[in-house]
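Close look at the chain arrangement
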Amino acid sequence: RKSVEMPEERRPTARVGPATTVRWLICASGKGGTGKTTTALNLATIAAAGGLKVALLDMDDQQTLSEWYSLRPEGLPGLHLLTIPLTDVGRAIGEVEGIAGLDLVIVDTPPGLDQRIRLRELVQHANLVLVPTTQGPGDVRSVTEFMATLKALQVKAAFLLNRTNQRWGSYQEAKRKLNKAGPLCPVDVRQLRDIEATNSHGVGINEFDRAKGAEDLEAVWDFVREAIGF
């Protein structure tokens, strides 16, 4: 698949995280229901299928990502799982960096900004913070405020439009507002049942037979892979 490139003027320009052999991709936003967990698990299975050693770090108290992992069938590319709350961010960082040969860690974070200090410590390790959002006006407002915080911290970040329906007027309005507020991944993830079903079966969209939506998330991975330096 041809790599999807972001136009030069829309590429994230802030600094990359600290030099390390492990790349950190953090899925975060200012509220719940924007698709962080679905994005994290699907990018993880696509990256693993490409030959990377991938860990998932579930920092959400709801542990939805850990529940998904518990359903994962045998015989699929292996993923390493750490379930450590954001309140214990120091230990989480240490355990990730202690995994031998790890290429990539994908972090699922809790909704909201109640733990600002700990979240700040976490995102300082990010090679990229991916900020998923639906096209709903409330979600767009929330993530644009969150992006302003990331910019103030000089963290490399980009929006991802998620669960989209391009026929609705809110789609173009969301793109306009997000492009104004910060970098936006040039491909979005459509509202498709197959993508949502990944949460219930322990698999990624690329591991379903003839699933709709695999091309969406594979293109997002192409963008992420380039942004974090693989």
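Scope of this entry: the structure provided in the associated data block. (Residues numbered from 1 in each chain as written. Predicted model: local features only at pLDDT ≥ 70, side-chain atom pairs only at ≥ 80, totals over all residues. Heavy atoms only, no water.)

Observations regarding the nonpolar core
Counting 38 residues, the largest nonpolar core has W24, L57, V105, L122 and V129 as the members making the most contacts within it. If one sorts the elements of this core by residue count, helix α5 (residues 137-152) sits on top with 5 residues. Residues within four places of V105 in sequence aside, it is in contact with V22, R23, W24, L25, A55, L57 and V96. With 36 residues, the next largest nonpolar core counts L25, A158, L217 and V224 among its residues. (Core = buried A, V, L, I, M, F, W, Y, C linked by side-chain atoms within 4.5 Å. Buried < 20%, exposed > 50% of the residue type's maximum accessible area, 1.4 Å probe, protein only. Helix = DSSP H or I, 4+ residues; strand = E, 2+ residues; numbered from the N terminus. Contact = heavy atoms within 4.5 Å.)

Re the environment of K212
With respect to the helices, strands and loops of the structure, K212 is situated in the loop between α7 (193-201) and α8 (214-228). For K212 and I228, which are 16 residues apart along the polypeptide, the C-alpha to C-alpha distance reads 26 Å. Setting aside chain neighbours within four positions, we find K212 in contact with L192, D194, I195 and I205.

Topic: the pairing of strand β1 (residues 23-27)
Extensive coverage of β1 is indicated by the burial of 4 of its 5 residues. As judged from the 5 bridges shared by β1 and strand β4 (residues 104-108), these two strands associate in the parallel manner. The residue bridging R23 from the neighbouring strand is L104, located in β4. Strand direction decides the pairing type here: β1 and strand β5 (residues 128-133), joined by 3 bridges, are parallel. By the bridge assignment, C27 is partnered in β5 with L130. (Pairing = 2+ DSSP bridges.)

Remarks on the sheet that holds strand β6 (residues 157-161)
Taken in spatial order, the 6 strands line up as β3-β2-β4-β1-β5-β6 in an open sheet, and their pairing is parallel. Two strands close off the open sheet at either side, each with one partner strand: β3 (80-83) and β6. Averaged over all adjacent pairs, the angle separating strand axes in this sheet is 20°, with direction ignored. α8 rests against β1, β4, β5 and β6 of the sheet, and its axis sits at about 150° to β5. (Axes fitted to C-alpha atoms, helices over the stretch in contact; angles between N-to-C directions.)

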